[in-house]
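Close look at the chain arrangement
This is what each chain is made of:
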Amino acid sequence: MIERYSHQKVEGFWQTKWKENQVFESKLDNKKNKYYVMEMFPYPSGKIHMGHVRNYTLGDVVARYKKMKGFNVLHPMGWDAFGLPAENAAIKEKKNPSDWTYSNIKVMKKQLKSMGLSIDWSREIATCHPDYYKHEQKFFIELYKKGLAYKKESLVNWDPVDQTVLANEQVIDGKGWRSGAEIIQKKLSQWFLKTSAYSEELLSDLTKLTNWPEKVKTMQSNWIGKSVGLEIDFSILKSENISSQKLKIFTTRPDTIFGATFCAISPNHPLAIEIKKTNTEVKNFISRIEKNDEKINIDEKLGIDSGIKVKHPVKTNSELPVYIANFVLMEYGSGAIFGCPAHDQRDLEFANKYKLDVIPVVMPKNEKVDSFSIKNQAFVEDGILINSEFLNGLSVEQAKKTINEKLVKDGSAKYKTNFRLRDWGISRQRYWGCPIPIIYREDGKVLPVKEKELPVLLPQNISLTGKGNPLGQNKDWKKTICPETGMAATRETDTFDTFFESSWYFLRYCSPRSKEAFEKKSLNYWMPVDQYIGGIEHAILHLLYSRFFTKALRDLNYFNFDEPFKGLFTQGMVTHKTYYSSSQEWLNPEDVYFDQKTNSTKKVVGDTPVEVGRSEKMSKSKNNVIDPSSIINKYGADTARWFMMSDSPPERDLEWTETGVEGSYKFINKIWNFSNKILFEESLNNSEMTERDINFKNNINNYIVRISTNIEKFHFNKVVANIYELTNYAQKEYECKDLAKNTFLDFLKTYAKLIHPIIPHISEEIWNLMKNEGMVVDQTWPILEKLKIDETKSKVKLAIQINGKTREIIEVGEAATKKEVEELVMINKKIFKYIDGKEVKKIIYVPKKILNIVV
RNA sequence: GGGCGUGUGGUGGAAUGGUAGACACGGUAGACUCAAAAUCUACUCGGCGCAAGUCGGUGGAGGUUCAAAUCCUCUCACGCCUACCA
């Protein structure tokens, strides 16, 4: 009798064994090639979810595989431990954010360990620990001294629910990314990091990232948004109340200058602010725009004539009105534009609304000047210049060049490159974050905290109410003195955006306990990260900030590499069907069942019918969450890992299904039973190796190649299919009882290695059952056995096509020539039927694949 | 509005110019069993046919090619991201 496979016993046993032998603890070793693989670290929210299981299984498969391939693997884990939920829990449940966070970490660490991950836990970091955040306080001061961190008064996105400032990227459709609240504009003094200083490099270095998904690179490139154009000065025609004489505008379409019929400036433009002091109509308009409710309907273009006129820079005797318009952004370019309605959709909508002229200056090649006009659709494609004096007849590109040169020569314009990327606002009015190490002296001086005074620790005794700035309310903490002068001073009460911590943690993993932030020799050995794995939702923010940080720290002479992540992989979400009851509530998958008799889905309690919705990302709001722990308890980690890798390609969404998990569980047991049969069933002979054995070994070689390349290419769903196929194949051969026992013992040894990256526990158990030495985790990946193959005897299947349609499949020798195959085919009855009485025009032969006869 | 992606059986998906549907889930039939579970075996794209077989088939319409799910053009549907960036 074969003993039933018990994941409860087996998995814990091997997890302990790996730990005792410290097999995952990485040491710097210059003789070995390193491989640094890491997944995005989790926020300790309470317990792990299926997204984590997928993410960390993916990384673990890579880590274990690379280790077996002989690499010195670094596979660390940590906690993105600062953040709002801890503070919200503190307010709601009167818990200390620190206690709440650390107890969550404890729970989640246990869960992650139960997955059997090959993590070097000796490198574990938590970003809320002073030993971690003290280093970033130091970086900040160094960035400040270098002019890369600065404070400015600015309009910021204010989340009225979280009572905090959000970065532009954190505002989605006008709502807070976490709270979902409608965001309002508020003026505050904020700390910024000069990400814009690296715009050009952040953009151009994207080309170096050959192991990144194109999609992510495109998203970053669009976000940085480089545009090359011209900054043109328009002279302001004197108006008594205006101090400035010129209006600077930015354009990428200087070729359309003759089509300009107005100028527009942002409501925040200095000129607009000046005008509103004396013009109440303008003042009322601007305050209306600034009101939040005006921002909701962003489609409606609103403007007001400022009363000012400017001179057209090239068209003689032409004056343009200057409007104040809601669609012009102060943050981009110079906050002012010239409007060319014929060739810009926004300008056209605005012009149509306020009855401004529309002058077409570019027309399609085949049009006639007299009949060409613009109605509701601006013409934005290439064409021929018209109504443009000396530019007439030129193409858009030629016209650009001509007008550029003229305006620059005249001194009324200069070349300008603008980026959409803005500086990163890092101030947050929160408690549970890293304190910004700045003091404000009573004489008004702003000073960075002295290095020896670091870290600036968060105060322990704090009462969180959810109103206002917690550190600002803590008077004892806030009050300090200037160590140099002894003058009274107050501390900065804002904390860093939590993206600050996650922008450099991959560097800290290299020497997580070093006194200084980094140990140079460790950094230079391990960095860059060879493979980073995480969700696509971080395609812009986290990855861009990390890239910026790497470049900024490089320029502070910490190291000399340019990019943090050599390879990036973004995995899809884990989804589940949604269930909606007649009483209008979302039902958990556990509370419904499929009734085969009526062919419908029903509620377990009450037996009432349930509507089945489409598969969506597991979320509390849709109540379609499956708890990983209960799955691991019931089926074991190997089952969960196997299912995670099966079916869907990792970059796509994976639908979690009960039947799929059952199937994975059955497979684990099947492997176990088969292995036991090989080892203990006395039905195999001990005879010599025959040709059949060699053939079998050759086929196993084939599977090794396929599995290896599929792992390298991240095609894990195909690896799973390969292993299924391999198992079925070996089982069939076994049932034939024609092979030698040693052949199967060799096979099982190889097999245990091949399944190890995905399902390591059962792999160790099989290895142990065979009484092999050591553990699979320390073995080298299977090498191909060199076997003697008789080329003339090995056959391949060849498809015979008539006019491209497959009509017959024949077996021929691997090295068969065209002539040999032709001869074989012509005497084949089935094929002859199709050729008979027809003229053979052409025969195409692709060795080992097809022979196509064209008749 | 812009960008990216996807469309193949009942389902997840294989096949990146050469046998469409690997592998898995589900389903049907059978074996074992008092019975069930588990396990094993066979079948499972559609039409016609008792069968051998044959015709059709990768969202739709064209095209390139000896050969197209794959390459090109147009078109439809869905999904994701992004959005007044001048």
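Predicted, not measured: the structure shown is a model, and the values here were computed from it. (Residues numbered from 1 in each chain as written. Chains lettered and ligands numbered in written order. Predicted model: local features only at pLDDT ≥ 70, side-chain atom pairs only at ≥ 80, totals over all residues. Heavy atoms only, no water.)

1. What about the sheet that holds strand β35 (residues 805-813)?
Pairing is mixed across the open sheet formed by four strands, whose spatial order is β35-β34-β37-β36. Here the strands that pair on one side only, and so sit at the sheet edges, are β35 and β36 (842-846). Averaged over all adjacent pairs, the angle separating strand axes in this sheet is 20°, with direction ignored. Judged from the four bridges that link them, strand β34 (residues 795-802) and strand β37 (residues 850-854) form a sheet pairing that is parallel. (Pairing = 2+ DSSP bridges. Helix = DSSP H or I, 4+ residues; strand = E, 2+ residues; numbered from the N terminus. Axes fitted to C-alpha atoms, helices over the stretch in contact; angles between N-to-C directions.)

2. Observations regarding helix α18 (residues 541-555)
In a regular helix each residue adds 1.5 Å, so 15 residues correspond to 21 Å; α18 covers 21 Å between its end C-alpha atoms and thus fits that length. Along α18, 14 of the 15 residues are buried, which leaves the element largely enclosed by surrounding structure. Positive phi appears at Asn 557, one or two residues downstream of α18, with a value of about 65°. (Expected span 1.5 Å × (residues − 1). Buried < 20%, exposed > 50% of the residue type's maximum accessible area, 1.4 Å probe, protein only.)

3. Quick look at the packing of aromatic side chains
In this structure the tally under the stated criterion is 61 aromatic pairs. Measuring from centroid to centroid gives 4.9 Å for Tyr 65 and Trp 781, while their planes differ by 80°, and the two rings are edge-to-face. One end of the pair, Tyr 65, is in helix α2 (residues 50-68); the other, Trp 781, is in the loop between α25 (760-769) and β34, and 716 residues separate them in sequence. Overall, Tyr 65 belongs to the buried group, its relative accessible area being 1%. Look at Phe 262 and Tyr 323: their rings are 6.3 Å apart centre to centre, the planes differ by 80°, and that puts the pair in the edge-to-face class. Residue Phe 262 is located in strand β12 (residues 262-265), and its partner Tyr 323 is located in strand β14 (residues 319-325); the two are separated by 61 residues in the primary sequence. A residue is classified by how much of its surface remains accessible, and Phe 262, at 0% relative accessible area, is buried. (Phe/Tyr/Trp six-rings, centres within 6.5 Å; stacked < 30°, edge-to-face > 60°.)

4. Regarding the environment of Leu 117
Along the chain, the position of Leu 117 falls in the loop between α4 (97-114) and β4 (125-126). By relative accessible area, Leu 117 is classed as buried at 8%. A C-alpha to C-alpha distance of 9.3 Å links Leu 117 and Phe 24, two positions 93 residues apart in sequence.

5. Considerations on the sheet that holds strand β18 (residues 413-419)
Strand order in the open sheet made by the three strands is β11-β10-β18, with antiparallel pairing throughout. Each edge of the sheet is formed by a strand with only one pairing partner; in this case those strands are β11 (246-251) and β18. Averaged over all adjacent pairs, the angle separating strand axes in this sheet is 35°, with direction ignored. Strand direction decides the pairing type here: strand β10 (residues 226-235) and β18, joined by seven bridges, are antiparallel. Within the sheet, the bridge partner assigned to Gly 229 lies in β18 and is Lys 416.

6. Quick word on the nonpolar core
Buried together is how nonpolar side chains tend to be arranged in soluble globular proteins. Counting residues in hydrophobic clusters, the biggest one holds 171 residues, and the most contacted among them are Tyr 36, Phe 140, Leu 193, Tyr 505, Leu 507, Trp 656 and Phe 747. The leading source of residues in this core is α2, at nine residues. Setting aside anything within four residues of it in sequence, one finds Tyr 36 in contact with Leu 74, Pro 76, Phe 506, Tyr 509, Cys 510, Trp 526, Met 527, Pro 528, Val 529, Asp 530 and Gln 531. With 47 residues, the next largest nonpolar core counts Ile 249, Leu 302, Val 310 and Ile 403 among its residues. (Core = buried A, V, L, I, M, F, W, Y, C linked by side-chain atoms within 4.5 Å. Contact = heavy atoms within 4.5 Å.)

7. Quick word on the environment of Thr 465
Here Thr 465 lies in the loop between β22 (446-448) and α13 (470-473). For Thr 465 and Lys 194, which are 271 residues apart along the polypeptide, the C-alpha to C-alpha distance reads 33 Å. Among residues more than four places away in sequence, those in contact with Thr 465 are Ile 91 and Gln 473.

8. Observations concerning the pairing of β10
Most of β10 is tucked away: seven of the 10 residues are buried. Examined bridge by bridge, β10 and β11 share six bridges and lie antiparallel to one another. Counted as the bridge partner of Glu 231 is Phe 250 from β11.

9. Side note on the side chain of Ser 763
By the element assignment, Ser 763 lies in helix α25. For Ser 763, the residues in contact, after removing those within four places along its chain, are Ala 752, Ile 755, His 756 and Val 776.

10. Quick look at the environment of Tyr 35
Looking at the secondary structure, you find Tyr 35 in strand β1 (residues 34-39). The exposure class of Tyr 35 is buried, given its relative accessible area of 10%. Expressed as a C-alpha distance, the spacing of Tyr 35 and Met 689, which sit 654 residues apart in the sequence, is 40 Å. Apart from residues no more than four positions distant in its own chain, Tyr 35 is found in contact with Val 62, Lys 66, Phe 71, Asn 72, Val 73, Leu 74, Asp 530 and Gln 531.

11. A closer look at the packing of helix α23 (residues 716-736) against helix α24 (residues 741-755)
Axis separation between α23 and α24 bottoms out at 12 Å; the angle between their running directions is 165°. On the basis of their axis angle, the class for α23 and α24 is roughly antiparallel. Crossing of α23 against α24: the hand is left-handed. Here Ile 723, Leu 726, Thr 727, Ala 730, Glu 733 and Tyr 734 of α23 lie close against α24, whose contacting residues are Phe 744, Phe 747, Tyr 751, Leu 754 and Ile 755. Looking at the contact of α23 with α24 residue by residue, the class counts come to nine nonpolar, one polar and one charged. (Parallel < 35°, antiparallel > 145°, perpendicular 65-115°, else oblique. Left-handed = near helix turned anticlockwise from the far one by under 90°. Nonpolar A, V, L, I, M, F, W, Y, C, P; charged D, E, K, R; others polar.)

12. Quick notes on the pattern of salt bridges
Close approach of charged atoms lets side chains of opposite charge pair. Across all of its chains, the model carries 45 salt bridges by this definition. Residue Asp 60 is joined to Arg 641 by a salt bridge in which the shortest nitrogen-to-oxygen separation is 2.7 Å. Of this pair, Asp 60 sits in helix α2 while Arg 641 sits in helix α20 (residues 637-645), and the two are 581 residues apart along the sequence. Residue class for Asp 60 comes out buried when judged on its relative accessible area of 0%. Judged by its relative accessible area of 1%, Arg 641 is buried. With a closest N to O distance of 3.3 Å, Lys 406 and Asp 410 form a salt bridge. With Lys 406 and Asp 410 both in helix α12 (residues 396-410), this residue pair falls four residues apart, about one helical turn. Accessibility expressed as a relative area gives 33% for Lys 406, which makes it partly exposed. Residue classification places Asp 410 among the partly exposed positions, given a relative accessible area of 48%. A network of salt bridges, in which partner residues are shared, links Glu 201, Asp 205, Lys 208, Arg 547, Lys 551, Arg 554, Asp 555, Asp 562 and Glu 563. (Salt bridge = Lys/Arg side-chain N within 4 Å of Asp/Glu carboxyl O.)

13. Some details on unusual backbone geometry
Along the chain, Leu 454 connects to Pro 455 via a cis peptide bond; the corresponding omega equals 0°. When you line up the elements, Pro 455 lands in the loop between β22 and α13. Residue Pro 528 is reached from Met 527 by a cis peptide bond, and omega for that bond is 0°. Along the chain, the position of Pro 528 falls in the loop between α17 (520-526) and β26 (531-535).

14. Notes on the pairing of β35
One ladder, built from eight bridges, connects β34 with β35; its direction is antiparallel. When the sheet's bridge partners are listed, Ile 800 is paired in β35 with Glu 808. Here β34 hands over to β35 after two residues, with Asn 803 in that stretch at a positive phi of 50°.

15. Focus on helix α11 (residues 345-353)
Every buried residue of α11 is accounted for by Asp 347, Leu 348, Phe 350 and Ala 351. Each buried residue of α11 sits inside an arc of 165° when the element is viewed along its axis, so together they form one side. Where the residues of α11 are buried, they touch β12, β13 (303-311), β14 and β15 (336-339). Looking one or two residues past α11, Lys 355 carries a phi angle of roughly 55°, positive in sign. (Arc of directions from axis to C-beta.)

By themselves these figures say nothing about function.
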